Amino acid sequence: MKLVHWALMMLLTQSAQAGPNQEAVIRLQVASIDASVADTVRQNQSMGVDERQWVEQMDKALVKQMTGNKALFERLHTQRLRRELLRTIYYEAKRAGLEPDLVLSVIRGESNFRKYAISSAGARGYMQVMPFWANIVGERSTDLFNVRTNLRLGCAILRAYLDQEKGDLSRALARYNGSADDSTYSNYIYASWVN
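This write-up is about the structure you can find in this document.

Definitions and cut-offs
Residues numbered from 1 in each chain as written. Predicted model: local features only at pLDDT ≥ 70, side-chain atom pairs only at ≥ 80, totals over all residues. Heavy atoms only, no water. Helix = DSSP H or I, 4+ residues; strand = E, 2+ residues; numbered from the N terminus. Buried < 20%, exposed > 50% of the residue type's maximum accessible area, 1.4 Å probe, protein only. Polar contact = N/O pair within 3.5 Å; in protein donor to acceptor, adjacent residues only side chain to side chain. Salt bridge = Lys/Arg side-chain N within 4 Å of Asp/Glu carboxyl O.

**So, the side chain of R159**
- As for its placement among the helices and strands, R159 is situated in helix α8 (residues 147-164).
- What makes R159 buried here is its relative accessible area of 18%.
- Reaching out from R159, the side chain makes a polar contact with the side chain of D163 at a distance of 2.9 Å.

And the structure:
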C-alpha cells in the first residue's frame, strides 16, 4: 500500500512540475476502481446523514418523475436499484468534488438513466463517456457500462473540465458535451439541476 501511495505521489509531483495534464489527473482519479466489486453495493459502509437525506430526497423525486414516464419506470422500478445508483452517484460526485445534484442532472440529460445507452457518436453509459477516455486510463470500452467505472470516469472528466475552465460551470458542461462554444447544453443541464 505504501508503494502505491508513493507512486501516486510521484505521479502527482511530476504532473505538477510538468504543468496540468488533464489525462494524468483523470487517470489517477480512476485508478482506484476495483472492477471486481465496482457494481456491488457498499453494504458494509453506512451512509452519513447528508448522504442518507440526499438519497431519500432524490429517490422521492425519481419516483415522482416515473409516474409520467413509462420508460424511466422500467429502468428504475425497484427502490433498491434506485438507491444503489443514487448512493454511487453521491459517492463518485463527492469523490470528484462535484455536487451530486449536478451529476444527477448530467445523467438525466446524457442518458435519461439508461445504463446501456450508446450515442450516435459512440459515448456510453449513464454519463455518456467516449471510449477514447477508457483507452486513456487503461479501461476496456465495455467497462463503460459498469456503473462505478462510468460514474467515476464521467465525474473525473467533468471535474477536469471544470478545473480547466477555472470554475466556469457553463463552459465545463459545454466541453463535457463536446459543444464548447454553445450554451444550449449547459442551459439544459442547469435547468434540470435546479428543478
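**Some details on the pattern of salt bridges**
- Under the criterion given, the structure shown has nine salt bridges.
- D59 is the salt-bridge partner of R82, the closest N and O atoms lying 2.4 Å from each other. Taken together, the positions of R82 in helix α5 (residues 79-95) and D59 in helix α3 (residues 49-66) put the pair 23 residues apart, joining distant regions of the chain.
- You can call D59 buried: its relative accessible area is 4%.
- Across the pair R171 and E165 runs a salt bridge whose closest N-O atoms are separated by 2.8 Å.
- What makes R171 partly exposed here is its relative accessible area of 35%.
- The buried category is assigned to E165, whose relative accessible area is 12%.
- One salt-bridge network, in which partners are shared between bridges, spans D59, R82 and R83.

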